[in-house]
Amino acid sequence: MDIVLVVTILASLFVVIGVAEPLAARLRVPYSVILAVLGIFIGSAAIVILQTHVTDTLTPVAEAILALPIRSNVFLYVFLPTLLFQATLGMNLRRMLDDWVPILVLAVVAVIVATLTVGYALSWASDLPLVACLLIGAIVSTTDPSAVVSIFRSISAPRRLARIIEGESLLNDAAAIALFGLFMGFVMLGVPDPTLQDTLERFPVLIAGGAVTGWLAARIAVWIMAFFQRHELAQISISVALPYLAYIGAEQSVGASGVIAVVAAGLTLNLTAPGRLAPQAWANLREVWGLLAHWAGALIFILAALLIPRLLEEVRAGDYLLIGVVVVAAIAARALILFGLMPLLTMLRLSPSVDRAYRSAILWGGLRGAVTLALALAVTESFRVPVEVKRLVGILATGFALFTLLVQGTTLRWLIGRLGLDRLSPIDDALSRQVVAVALQTVREDVASTTENYELSREIVRTEAVRFGRRLDEAVKSAEESAEILDRDRITLGLIALAGAERDTILARLRERSLSASLAEQALSDADRLIEAARVGGRSGYQRAARRSIAYGPSLRLASVLHNRLGFSVPLVRMTGARFERLLSQRLILQDLEGFIDGRIRRIHGRRVADLLNELLERRVEMVETARDGLRLQYPGYAEELERRFIRRTALRLEEREYTAMREDGLIGAELYAALIQDIAKRREAAEKRPPLDLTLQRAELVRQFPLFADLDEVSLKRLSRVLTTRYVGAGELVLRKDSAPKRVFFIASGAVELEVAGQSWRLGRGEMFGQLAILMQRPRRAEVRSIAPCTLLVLDDERFRRLLKRSPMIQEAVHKSAVERGIAHELFPDEEDAAQA
């Protein structure tokens with residue numbers, strides 16, 4: 001084939017891709033539908049030109065189009081890894097982890113239900129062997145959520161809902177392709193009815209092998225990318241190679257699922273790379289992958305659509321009935337998941353509540369396309385698959401994909417309109433009118449000052465002011481006539497706006513490089529949780545999400561256990577340093593929000609709502625300060641090192657801004673500017689490194705500062721610091737249960753706890769201890785202990801505590817004092833009680 005002709009055709013396809021997006025927006029249909037229609041048109045036109053000989057001028061072009069090397073391995077080895085890898089990079093994994101149960105259940109169960117439903121329905125309606133029917137079921141069980149997700153975003157649907165759909169679709173594709181590989185193997189081996197044991201023996205190897213291969217490849221890639229710290233293009237090049245090497249390695253070397261390997265590699269890179277790469281390098285890498293995925297997704301749709309006329313050449317009258325069976329079975333399987341399983345998950349509080357209207361839109365928006373056609377093509381190309389099976393697989397998969405694209409895709413937006421999902425709620429409608437009125441008042445003031453500065457004609461200014469005044473009067477009248485918004489709803493709307501402003505502040509600080517990419521991603525996840533919690537639970541939901549943002553998570557507790565039990569300190573050091581930095585940045589971000597409440601929210605929602613939001617913000621600031629002070633006490637000096645690092649990074653950012661301004665003003669040349677920026681890059685690389693944290697030294701210093709250990713000598717302090725273990729407790733958590741066996745004594749390094757015994761309660765703070773009385777009295781604990789603030793506790797076992805008690809008068813005095821306060825001194829110290837009575 002002439003290379004000039006091939007390049008011309010490929011360039012023309014990119015023109016089609018460029019035209020398709022604005023055309024889809026104009027026609028208000030999904031982008032994938034337009035691509036599929038254009039691809040079918042091009043393929044059909046090429047066949048018509050060759051068969052009818054309308055003109056000889058276009059014959060070479062038609063021959064070249066039909067001779068394009070469109071094979072299944074092109075889709076599976078070139079385009080599919082790109083699409084899957086970019087999807088994982090574009091996900092907010094920390095937020096996905098919050099919903100891992102509904103995502104995993106919906107993805108895996110949905111694929112299995114769809115495969116079995118379609119497979120057994122086809123087996124009943126046709127003469128195909130069961131394994132071929134299950135193969136078709138696996139092929140059509142993949143979904144493309146891009147259309148419904150894009151529409152949900154345009155109508156301000158809950159973000160959590162869109163996130164669950166995206167996550168479910170990614171794992172759905174991975175599981176479906178893994179099942180396809182499994183049943184394809186049975187078909188080629190001539191196994192007509194595979195047993196459940198055959199399936200279960202092979203499936204875990206595909207999943208586990210692919211996951212391990214992808215994880216290992218990504219870890220190696222991240223290490224290489226971190227080594228090329230100053231070479232951004234080299235880092236992006238390594239990332240481009242990663243999904244293809246992971247896919248090929250899993251498929252060809254391990255014999256596992258390449259799709260699972262690509263997904264695992266993308267997830268691993270998404271979690272680890274932001275902390276190892278510069279923020280701008282990570283942002284640029286994701287932008288490059290976004291463009292690659294856009295091209296790959298468009299090309300895979302067009303090229304697959306080119307094949308549709310050829311795949312349908314041998315269609316027979318009876319095949320239309322089987323296509324109908326596939327359509328009905330697939331929709332029924334999807335409906336079973338959405339209207340049966342999803343409400344069950346909601347009842348179990350594992351999934352958010354989803355309105356029936358949204359579920360109906362998700363059901364009808366489950367389009368199939370490129371992946372389904374690519375898998376069908378792989379079957380039709382295999383010489384080891386029976387001819388009749390190949391024919392039916394191609395026809396049924398293509399017919400079903402066409403139904404979803406041309407029927408469901410073109411009517412999806414109409415259905416959403418019929419369901420009322422594109423209309424504002426009464427609260428949002430009333431709020432929008434008030435926002436317009438407030439905004440126009442501000443605009444009038446700004447326009448008046450602008451006209452004065454430019455000394456425009458008085459007559460023109462007067463007439464335009466009258467015209468604008470009429471519009472303002474209409475907006476004010478409309479706002480006054482709108483439905484009254486309750487204070488409760490105003491508070492909710494204000495909290496959503498406040499969390500949105502927090503998100504914008506985080507992004508601004510990321511652009512300024514005062515936040516690292518990994519830290520900003522975590523902070524953005526917290527802001528998203530605040531938005532969703534406020535939307536669902538109002539003020540109480542917002543407060544719960546705020547407490548969660550500073551609480552000790554399970555990963556930190558696990559790291560503490562690894563440090564205390566096994567002496568493995570690397571995870572705890574990294575997480576503690578990250579927590580320090582996170583609390584410092586969170587305090588600075590919250591400080592920036594005070595002006596937003598007074599400048600924006602007060603004008604829209606009134607003084608009372610603004611004062612309440614300021615109060616909630618002050619409570620968040622207090623919680624952050626309490627948590628940060630606790631870490632300061634536990635690790636003296638480390639917080640100061642982080643603050644110095646923050647100042648250095650800020651100074652570098654301001655210095656870079658000054659050089660840029662001088663360059664734009666022409667005060668310095670390009671060569672000098674490049675040299676100055678290169679010098680800043682070197683110093684920034686050093687400033688980005690987080691200062692080391694030595695847990696052993698920090699704990700020894702903390703023990704020295706502890707008041708109860710003030711009378712111990714240096715040798716005893718060092719020995720004690722080695723045997724004490726650390727326990728992190730969030731606010732409201734149960735520390736000690738009533739009637740539990742006395743085995744440990746707790747020293748409060750930071751925070752506060754509350755002891756409750758027989759209806760009475762005592763509060764203990766930093767420097768005090770609890771648990772010692774039950775050990776000395778040798779009986780089950782009578783008190784229940786619960787934290788009332790985030791706490792760091794130092795824990796000592798009973799045997800070592802008894803030894804410490806013998807040689808420390810200060811601890812003896814503290815034990816005596818606590819026994820007197822609780823009225824049990826006569827039980828612990830009977831001799832002293834008798835002496836006092838004498």
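What you see is a predicted model, and the numbers here were worked out from it, not measured in a lab.

### Examining the overall build of the chain
- Counting secondary structure elements, the chain contains 33 helices and 8 strands.
- Classification of the 838 residues of the chain by burial places 48% in the buried group.
- In the chain, 79% of the contacts between residues at least 6 apart in sequence involve partners at least 24 apart.
- Entry remark: accessible area of the chain is about 40,900 Å², with carbon and sulfur atoms responsible for 58%.

### Observations concerning helix α30 (residues 798-807)
- Among all positions in α30, only F801, L804 and L805 are buried. In an axial view of α30, the angular spread of the buried residues amounts to 105°, which keeps them on one side of the axis. Exposed side of α30, more than 90 degrees from the buried face: E799 and K806 are the residues found there.
- Summarising the contacts, the buried residues of α30 are in contact with α28 (714-723), β3 (744-750), β6 (769-770), α29 (772-777), β8 (791-797) and α31 (809-821).
- At the N-terminal boundary of α30, the capping side chain belongs to D797, with an oxygen 3.2 Å from the backbone nitrogen of E799.

### Focus on the sheet that holds strand β1 (residues 725-729)
- Spatially, β1-β8-β3-β6 is the arrangement adopted by the 4 strands of the open sheet, whose pairing is antiparallel. A single partner strand is all that each edge strand has here, and the edge strands are β1 and β6.

### Section: a nonpolar patch on the surface
- A surface patch of nonpolar side chains, amounting to about 620 Å² of accessible area, comprises W100, L104, V108, V109, I112, L116 and Y120.
- Note that Y120 resides in helix α6 (residues 100-125).

### Some remarks on unusual backbone geometry
- Phi angles above zero are rare outside glycine, and D739 is one such case at about 70°.
- Locating D739 in the fold gives a position in the loop between β2 (734-736) and β3.

### Focus on the nonpolar core
- In terms of nonpolar packing, the biggest core is built from 74 residues, with L122, F180 and L269 touching the most fellow members.
- With 12 residues, helix α9 (residues 159-189) is the largest single contributor of residues to this core.
- Ignoring anything within four residues of it in the chain, the contact list for L122 reads C133, I136, L322, V325, V326 and L396.
- Among the nonpolar cores identified, the runner-up in size contains 40 residues, and A20, I65, A296 and A401 belong to it.

### Some thoughts on the packing of aromatic side chains
- One pass over the structure, following the stated rule, counts 6 aromatic pairs.
- On the basis of an interplanar angle of 15° and a centroid distance of 6.2 Å, the ring pair of W223 and F227 is categorised as stacked. Separated by 4 residues within a single helix, W223 and F227 lie in helix α10 (residues 196-227), roughly one turn from each other.
- Consider the rings of F746 and F770, whose centres lie 5.1 Å apart with planes at 5°: the pair is stacked. In this pair, F746 sits in strand β3 while F770 sits in strand β6, placing the two residues 24 residues apart along the sequence.
- Looking at F770, the relative accessible area reads 0%, which means it is buried.

### A short note on the environment of L128
- Within the secondary structure, L128 is located in the loop between α6 and α7 (130-140).
- When its relative accessible area of 9% is taken as the criterion, L128 is described as buried.
- In this structure, the C-alpha to C-alpha distance between L128 and E388, residues 260 residues apart in sequence, is 8.6 Å.
- Ignoring any residue separated from it by four or fewer positions in sequence, one finds L128 in contact with C133, I136, V389 and L392.

### A closer look at the pairing of strand β5 (residues 760-764)
- Relative to β5, strand β4 (residues 753-757) is paired through 5 bridges, and the arrangement is antiparallel. Across the sheet, the residue bridging to V757 is Q760, located in β5.
- Between β4 and β5, which pair antiparallel and follow one another directly, the connecting turn spans 2 residues, one of which, A758, has a positive phi of 50°.

### Digging into the packing of α6 against α7
- Where α6 meets α7, the closest approach of the two axes is 7 Å, and the angle between their N-to-C directions is 135°. Considering the angle they form, α6 stands oblique to α7. Classified by chirality, the crossing of α7 by α6 is right-handed. Side by side, α6 and α7 meet where A114, T115, L116, V118, G119, Y120, L122 and S123 of the first sit next to L130, C133, L134, I136, G137, A138 and V140 of the second.

### Quick word on the confidence of the model for the chain
- Scored by pLDDT, the chain comes out at a mean of 78, with 87% of its residues at no less than 70.
- Here helix α33 (residues 830-837) is the element of the chain with the lowest mean pLDDT, 45, and helix α11 (residues 232-254) is the one with the highest, 90.
- The low-confidence segment residues 831-838 (pLDDT under 50) makes 2 contacts with residues lying over four places distant or belonging to another chain.

### Looking at α28
- What α28 keeps buried is the set S716, L717, L720 and S721. Summarising the axial view, the buried residues of α28 lie within an arc of 135°, below the 170-degree limit, and thus occupy one face. Exposed residues lying more than 90 degrees from the buried face of α28 are V715 and R722.

### Some details on a positive patch on the surface
- Judged by side-chain charge, K718, R719, R722 and R807 come together as a positively charged surface patch.
- A per-element tally of the positive patch places α28 first, with 3 residues.
- In this structure, R807 sits in helix α30.

### Overview of the sheet that holds strand β7 (residues 784-787)
- Here we have 4 strands laid out as an open sheet, ordered β2-β7-β4-β5, and antiparallel in their pairing. Two strands close off the open sheet at either side, each with one partner strand: β2 and β5. Ignoring strand direction, the axes of neighbouring strands in this sheet form an average angle of 30°.
- In the sheet, β4 pairs with β7 via 4 bridges, with the strands oriented antiparallel. Within the sheet, the bridge partner assigned to V753 lies in β7 and is S787.

### Considerations on the pattern of salt bridges
- A full pass over the atoms with the stated rule returns 17 salt bridges.
- Taking the shortest distance from any N to any O, the salt bridge between R316 and E388 comes out at 4.0 Å. Of this pair, R316 sits in the loop between α13 (279-311) and α14 (317-347) while E388 sits in helix α17 (residues 387-418), and the two are 72 residues apart along the sequence.
- Taking relative accessible area as the criterion, R316 reaches 46% and is therefore assigned partly exposed.

Calculation notes
- Residues numbered from 1 in each chain as written.
- Predicted model: local features only at pLDDT ≥ 70, side-chain atom pairs only at ≥ 80, totals over all residues.
- Heavy atoms only, no water.
- Helix = DSSP H or I, 4+ residues; strand = E, 2+ residues; numbered from the N terminus.
- Buried < 20%, exposed > 50% of the residue type's maximum accessible area, 1.4 Å probe, protein only.
- Contact = heavy atoms within 4.5 Å.
- Areas by Shrake-Rupley, 256 points an atom, 1.4 Å probe, with all protein chains shown as cover.
- Arc of directions from axis to C-beta.
- Polar contact = N/O pair within 3.5 Å; in protein donor to acceptor, adjacent residues only side chain to side chain.
- Pairing = 2+ DSSP bridges.
- Patch = residues over 30% accessible without salt bridge, like charges linked within 9 Å, V, L, I, M, F, W, Y side chains within 5 Å.
- Salt bridge = Lys/Arg side-chain N within 4 Å of Asp/Glu carboxyl O.
- Core = buried A, V, L, I, M, F, W, Y, C linked by side-chain atoms within 4.5 Å.
- Phe/Tyr/Trp six-rings, centres within 6.5 Å; stacked < 30°, edge-to-face > 60°.
- Axes fitted to C-alpha atoms, helices over the stretch in contact; angles between N-to-C directions.
- Parallel < 35°, antiparallel > 145°, perpendicular 65-115°, else oblique.
- Left-handed = near helix turned anticlockwise from the far one by under 90°.
- pLDDT = per-residue confidence, 0-100.
- Lys, Arg positive; Asp, Glu negative; His and termini not counted.
- Charge placed at Lys NZ, Arg CZ, Asp CG, Glu CD.

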